[in-house]
Amino acid sequence: MVDKYWETKPLENMSDREWEDLCDGCAKCCLHKFIEDEDVVEAVSTDHLKKGENIHYTNIACGLLNTKTCACSKYMERTKLVPDCVKLTKDNLKDIFFMPPSCSYRRLYEGRGLPSWHPLLNKGKKSAMHKNGMSVRGKTVYEQDVDLEQFEDYIALWPVQDLD
Ligand code: SF4
Ligand code: SF4
């Protein structure tokens, strides 16, 4: 019987283990994203969205991502090696707008619960997630293989799709 702690416990009260377990491992947060302004399109660093701005996801993956397992190949060193790598924690929930709509943390933050394909509801396995197309597996190109100046050519809608 699965202990559905996420249904009763607010995100901010979760233990580190409970918090980590929530991550579905989809790796959508390892895709390059860009903020589009009404007038200009450019890559900027920000911790909030201004009126008229939109986030665009691309299918360009971080070079440290194992795109088959959808796991980071340098998990322990990731924030040091990739300064843009956003590690969502209880203390920076304000950054949640960067996360895709299917992200477990965003879903819970917005009161939408976990989806049926989530590993926590599938004996810890990612297969239902992959099968439902909710991870990045098989859909990406590596950042080292593309010209990031041409990111518009790689804008993708599948990362912002959600199911359930
Ligand atoms: S460093 Fe690892 S966790 Fe961070 S974006 Fe790259 S692959 Fe993802
Ligand atoms: S998008 Fe959210 S749930 Fe998916 S891997 Fe990233 S942090 Fe985990």
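Scroll up to find the structure.
This one's a predicted model, so the numbers in the text were calculated from it and none came from an experiment.

J.: How should the overall build of the protein be read in this particular structure?
T.: Along the backbone of the protein there are 4 helices and 6 strands. Its C-alpha atoms give the protein principal-axis dimensions of roughly 50 × 35 × 30 Å. Across the 164 residues that make up the protein, the buried fraction comes to 21%. Contacts in the protein between residues at least 24 apart in sequence constitute 64% of all its contacts with a sequence separation of at least 6.

J.: Help me out: how do you make sense of the site of ligand 2 in this one?
T.: Among the 13 residues in the neighbourhood of ligand 2, the closest are listed as C23, D24, C26, C29 and C103. Looking at the shell around ligand 2 residue by residue, the class counts come to 9 nonpolar, 2 polar and 2 charged.

J.: Would you explain the environment of A128 in this entry?
T.: Tracing the sequence through the fold places A128 in helix α4 (residues 127-131). On the basis of neighbour counts, which here come to 16 C-beta atoms within 10 Å, the residue A128 falls in the partly exposed class. Separated by 11 residues in sequence, A128 and W117 place their C-alpha atoms 5.1 Å apart.

J.: Can you help me understand unusual backbone geometry in this one?
T.: Where the residue is not glycine, phi is negative for most of them; where a peptide bond is considered, it is trans in most cases. Positive phi values are uncommon outside glycine, yet A27 reaches one of about 70°. Looking at where A27 falls in the secondary structure, it is placed in the loop between α1 (16-22) and β1 (31-36). Judged by C-beta crowding, with 22 C-beta atoms within 10 Å, A27 ranks as buried.

J.: When you look at the site of ligand 1 in this model, what are you seeing that I'm missing?
T.: Lining the immediate surroundings of ligand 1 are C30, C62, L64, L65, C72, R78, V82 and C85. Residues that form the shell around ligand 1 fall into these classes: 7 nonpolar, no polar and 1 charged.

J.: How should I be thinking about the environment of K4 in this particular structure?
T.: Checked against the element boundaries, K4 lands in the segment before α1. Along the sequence, K4 and L114 sit 110 residues apart, while their C-alpha atoms lie 9.7 Å from each other.

Definitions and limits used
- Residues numbered from 1 in each chain as written.
- Chains lettered and ligands numbered in written order.
- Predicted model: local features only at pLDDT ≥ 70, side-chain atom pairs only at ≥ 80, totals over all residues.
- Helix = DSSP H or I, 4+ residues; strand = E, 2+ residues; numbered from the N terminus.
- Buried ≥ 20, exposed ≤ 12 C-beta atoms within 10 Å, placed from the backbone.
- Contact = placed C-beta atoms within 7 Å.
- Near = placed C-beta within 6 Å.
- Nonpolar A, V, L, I, M, F, W, Y, C, P; charged D, E, K, R; others polar.

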